[in-house]
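# Report on the structure
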Amino acid sequence: MSAVENSKVFIDKRIEVGLDPNNVPNHIAVIMDGNGRWAQKQGFIARVRGHEFGVEALRRITTACAELGLGYLTVYAFSTENWNRPKAEVEGLMNILINALEKELPVLQKNNVRLNAIGNIKSLPEKANKKLNSVINATSSNDGLTLTLALSYGSQDELVQAIRKVAKQVAEGDLKPESITEEHIEKHLFTAGMPHPDLLVRTSGEQRISNYLLWQLAYAEFYFTPVLWPDFDAEGLYEAIAKFQKRERRFGQTSEQLTAK
Ligand code: FPP
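To start, this report covers the structure provided alongside it. (Residues numbered from 1 in each chain as written. Predicted model: local features only at pLDDT ≥ 70, side-chain atom pairs only at ≥ 80, totals over all residues. Heavy atoms only, no water.)

## Some points on the overall build of the protein
In terms of regular secondary structure, the protein is built from nine helices and six strands. A compact globule built from 261 residues would reach a C-alpha radius of gyration of about 18 Å, and the protein, at 19 Å, matches this within 12%. If one aligns the C-alpha atoms of the protein with their principal axes, the spans along those axes are about 65 × 55 × 35 Å. Here the analysis covers contacts within the protein between residues at least 6 apart in sequence; of these, 77% occur between residues at least 24 apart. For the protein, the exposed area adds up to about 13,700 Å²; of that, 52% sits on carbon and sulfur atoms. (Helix = DSSP H or I, 4+ residues; strand = E, 2+ residues; numbered from the N terminus. Rg over C-alpha atoms; globule rule 2.2 N^0.38 Å. Contact = heavy atoms within 4.5 Å. Areas by Shrake-Rupley, 256 points an atom, 1.4 Å probe, with all protein chains shown as cover.)

## Considering the sheet that holds strand S5 (residues 199–202)
The strand order across the open sheet formed by six strands is S3-S4-S2-S1-S5-S6, and the pairing between neighbours is parallel. Of all the strands in the sheet, the pair left with one neighbour each is strand S3 (114–118) and strand S6 (221–224). Put simply, the sheet's adjacent strands are angled 20 degrees from each other on average, direction ignored. Where S5 lies against S6, four bridges are found, and the strand directions are parallel. When the bridges of S6 are listed, Leu199 appears paired with Glu221. Packed on one face of the sheet, helix H4 (residues 87–110) meets strand S2 (72–79), S3 and strand S4 (146–153) and runs near 165 degrees to S4. (Pairing = 2+ DSSP bridges. Axes fitted to C-alpha atoms, helices over the stretch in contact; angles between N-to-C directions.)

## Digging into the nonpolar core
Core analysis: the biggest nonpolar cluster contains 48 residues, and Ile28, Leu73, Leu115, Leu132, Leu147, Leu149 and Leu237 have the highest contact counts within it. Those residues in contact with Leu147 that sit more than four places away from it in its chain are Leu58, Thr62, Leu73, Val75, Leu108, Val113, Arg114, Leu115 and Asn116. In this structure, Ala29, Tyr76, Ala150 and Leu200 belong to the second largest nonpolar core, which totals 11 residues. (Core = buried A, V, L, I, M, F, W, Y, C linked by side-chain atoms within 4.5 Å. Buried < 20%, exposed > 50% of the residue type's maximum accessible area, 1.4 Å probe, protein only.)

## Some words on the side chain of Asp198
With respect to the helices, strands and loops of the structure, Asp198 is situated in the loop between helix H7 (182–186) and S5. Reaching out from Asp198, the side chain makes a polar contact with the backbone nitrogen of Asn26 at a distance of 3.0 Å. Apart from residues no more than four positions distant in its own chain, Asp198 is found in contact with Pro25, Asn26, His27, Ala220, Glu221, Phe244 and Arg249. (Polar contact = N/O pair within 3.5 Å; in protein donor to acceptor, adjacent residues only side chain to side chain.)

## Let's talk about unusual backbone geometry
Of note in this structure, Ser210 is not a glycine but carries a positive phi near 45 degrees. As for its position among the elements, Ser210 is in the loop between S5 and S6. With phi around 45 degrees, Leu213 is a residue other than glycine that occupies positive phi space. Topologically, Leu213 is positioned in the loop between S5 and S6. On the basis of relative accessibility, which here comes to 1%, the residue Leu213 falls in the buried class.

## Focus on the site of the ligand
The ligand sits among 15 residues. The nearest are Asn35, Gly36, Arg37, Arg47 and Arg85. Within the backbone of Arg37, a nitrogen or oxygen atom sits 2.7 Å from an oxygen atom of the ligand. Contact between the ligand and Arg85: an oxygen atom at 2.7 Å from a side-chain N or O atom of the residue. Relative to its unbound accessible area of 620 Å², the ligand is 90% covered by the protein chains. Grouping the constituent residues of the shell around the ligand by class yields five nonpolar, six polar and four charged. (Near = heavy atom within 4 Å. Nonpolar A, V, L, I, M, F, W, Y, C, P; charged D, E, K, R; others polar.)

Below, the structure is given as structure tokens:
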């Protein structure tokens, strides 16, 4: 199928699922789960095969988000807890990261995507860290979608780091405890300057947030799908967005208050 025909198929799919292209969420956060189970289902012995196919899914979803005109896509690629996985899987994931950064740079440039990363990036192997920074720099002037990779990321750790910085200001007499606001915490998070996610998508049927963006997801809508991440595609994304568009986000207010506006 040609690129034009393929794109027509997906425009049809958007209509089919009832997606309103003029009202897409600004920021989608994703927990890309189910790579290991997918590899097992395919009969692969190595779980990393699932992660390799996970990169393909990430490319599809990033491209679809860029085409829809979203501002931000933030994906959970490696958690602080993932360091405890078997050594071969951790090494495999780091190699996948390095290869993907190399291979995907032209795709990011073509789609005007800016790469960003959150987490304890310095704890990544030097080669991965260097490659990541080089792709972040190479795409820094792109002004379409911002794709953020959460790497060596844990939200409780992120909050502890932010609170330590605020506590230091208090200890040094620069801030009174009673003057601490949400903004003081917010500006020390890895995500400082980014809008909060509107929608969280988790694949693979699990329904938990696994230490991901605990502060930032305060008012996000959650969407869970049984599809395993390597099988997730643009159509699945459109369905998630269409469901999101049917939700009423009240931000603590009543339905009447919202309709009166
Ligand atoms: C969770 O599935 C997935 C991860 C821990 C890694 C996610 C990484 C990718 C999708 C590859 C692309 C990312 C990079 C590095 C650019 P799981 O392994 O926990 O699946 P399971 O629950 O079925 O075992």
